[in-house]
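Single-letter residue listing:
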Amino acid sequence: MKLLGSLLDAVFVLRCVGCDVPLATARGATAEALAFCDLCAATCNEPEPGCLVCGQELASILGGVSRGPCGACLATPPPYRRARWGYEYGGAVQDAIKRLKFGGREDVAGPLARAAFRLAEVGDGWDAIVPVPLHWWRLARRGFNQATALSHALRAVTRAPVETGWLRRKRATVAQSTLPEPRRDANVRGAFEVPRRDRVRGKAVLLVDDVVTTSATTTECARVLRRAGAASVDVWSVARTLA
Ligand SMILES: [Zn+2]
Ligand SMILES: [Zn+2]
């Protein structure tokens, strides 16, 4: 019975997505309490309310008083309707994402996605959730696409199907984080395609990624989806690195 008990523990005990300690959860616990222990939660930073379109903080520009589009979004409206994320990248959020991507811990995706989604206020009413695709060889090497794992975790919350075939990565790109900012747009330009425009036409899409660094990749994906006829694209990520 002891063995059975520890087996059941291994399967059913929720563990912190940041550090793996078992979580003491009470009924009615928040999504965040079901993902992070108290110590890890203390290192998680939620973004300040920002630009209604790109989500970037307005505080430095407008003193944080107004809620509207930022100057950059007014000058050049992005192809997406709004971009939101649950956390600033860092602390236990960074640990959780690394465990998901490189530690073979796909089980982290569910609680992490649900906690970050609750904080992000990205909207609703989507026809499909579309993960940012990996190039096939990176997918083969890692074994799974972390954005797809996060997307599946949102299915129950959004009641929208996950469509991994709507967007395809045509060519491998250098990791955006290794490039200086001015080269990041060129790195991803032309890297994505919509294989079947008839599936995408008229649809409201939620585009999902794990971490947004500059928005070059998600902006390019949104552009390609809109060009294929998508009615709208919203962007959601677990985290965003601060400029
Ligand atoms: Zn923890
Ligand atoms: Zn903006």
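Please refer to the structure placed before this passage.
Residues numbered from 1 in each chain as written. Chains lettered and ligands numbered in written order. Predicted model: local features only at pLDDT ≥ 70, side-chain atom pairs only at ≥ 80, totals over all residues. Heavy atoms only, no water.

Notes on the coordination of the zinc ion (ligand 1)
Six octahedral donors at a metal ideally form angles of 90 or 180 degrees, and four tetrahedral donors ideally form angles of 109.5 degrees.
Reasoning step 1: Within the protein, Cys16 (SG), Cys19 (SG), Cys37 (SG) and Cys40 (SG) serve as the donor atoms for the zinc ion (ligand 1), at 2.3 to 2.4 Å.
Reasoning step 2: What the four donor atoms of the zinc ion (ligand 1) show is an angle range of 104 to 114° at the metal, which sorts the shape as tetrahedral.
Reasoning step 3: For the zinc ion (ligand 1), the single-chain donor residues occur in sequence as C-x2-C-x17-C-x2-C. In this pair, Cys16 is assigned in the loop between α1 (2-12) and α2 (38-41) and Cys37 in the loop between α1 and α2, connecting sequence segments 21 residues apart. (Donors = N, O, S within 2.8 Å, 3.2 Å for Na, K, Ca; no water. Tetrahedral: all angles 85-135°; square planar, octahedral: opposite > 155°, others 65-115°. Helix = DSSP H or I, 4+ residues; strand = E, 2+ residues; numbered from the N terminus.)

A short note on the pairing of strand β2 (residues 128-131)
Reasoning step 1: Of the two faces of β2, the one holding Ala128 and Val130 and the one holding Ile129 and Pro131 are both buried throughout.
Reasoning step 2: By the bridge criterion, four bridges tie β2 to strand β5 (residues 204-212) in an arrangement that is parallel. Residue pairing across strands places Ile129 opposite Leu206, the latter belonging to β5. (Buried < 20%, exposed > 50% of the residue type's maximum accessible area, 1.4 Å probe, protein only. Pairing = 2+ DSSP bridges.)

Topic: the coordination of the zinc ion (ligand 2)
Reasoning step 1: Protein-derived coordination of the zinc ion (ligand 2) comes from Cys51 (SG), Cys54 (SG), Cys70 (SG) and Cys73 (SG), at a distance range of 2.3 Å.
Reasoning step 2: Positions of the donor residues of the zinc ion (ligand 2) along the chain correspond to the pattern C-x2-C-x15-C-x2-C. Pair noted here: Cys51 is in the loop between α2 and α3 (59-62) and Cys70 is in the loop between α3 and α4 (71-75), with a separation of 19 residues, a long-range link.
Reasoning step 3: Owing to a relative accessible area of 10%, Cys70 belongs among the buried residues under this scheme.

Quick word on the side chain of Thr241
Reasoning step 1: By the secondary structure assignment, Thr241 is in the segment after β6 (232-240).
Reasoning step 2: Engagement of the side chain of Thr241 in a polar contact is seen with the backbone oxygen of Thr213, the distance being 3.4 Å.
Reasoning step 3: Setting aside chain neighbours within four positions, we find Thr241 in contact with Tyr89, Val211, Val212 and Thr213. (Polar contact = N/O pair within 3.5 Å; in protein donor to acceptor, adjacent residues only side chain to side chain. Contact = heavy atoms within 4.5 Å.)

Details of the sheet that holds β6
Adjacent strands of a sheet pair through backbone hydrogen bonds, lying either parallel or antiparallel.
Reasoning step 1: Spatially, four strands are ordered β1-β6-β5-β2 in an open sheet, and the strand pairing comes out parallel. Sheet topology places β1 (82-88) and β2 at the edges, where each strand pairs with a single neighbour. Strand-to-strand, the axes of this sheet are offset by a mean angle of 20°, without reference to chain direction.
Reasoning step 2: Bridge count between β1 and β6: six bridges; the pairing is parallel. Within β6, the position partnered with Arg84 by the bridge is Trp236.
Reasoning step 3: The strands touched by helix α8 (residues 146-158) within the sheet are β2, β5 and β6, with β5 carrying the most contacts at an inclination of about 130°.
Reasoning step 4: This element, helix α11 (residues 216-227), spans β5 and β6 of the sheet and lies at about 165° to β5. (Axes fitted to C-alpha atoms, helices over the stretch in contact; angles between N-to-C directions.)

What about the packing of aromatic side chains?
Reasoning step 1: Applying the stated criterion to the full structure yields three aromatic pairs.
Reasoning step 2: With centroids separated by 5.8 Å and ring planes inclined at 80°, the aromatic side chains of Phe36 and Tyr87 adopt a geometry described as edge-to-face. You can see Phe36 sitting in the loop between α1 and α2 and its partner Tyr87 sitting in strand β1, a full 51 residues away along the chain. Taken individually, Phe36 and Tyr87 each receive the classification buried, so the pair is uniform in this respect.
Reasoning step 3: Residues Phe117 and Trp236 carry aromatic rings whose centres are separated by 5.8 Å and whose planes lie at 70° to one another, so their mutual orientation is edge-to-face. With Phe117 in helix α6 (residues 109-120) and Trp236 in strand β6, this pair connects stretches of sequence that are 119 residues apart. Like Trp236, Phe117 is buried. (Phe/Tyr/Trp six-rings, centres within 6.5 Å; stacked < 30°, edge-to-face > 60°.)

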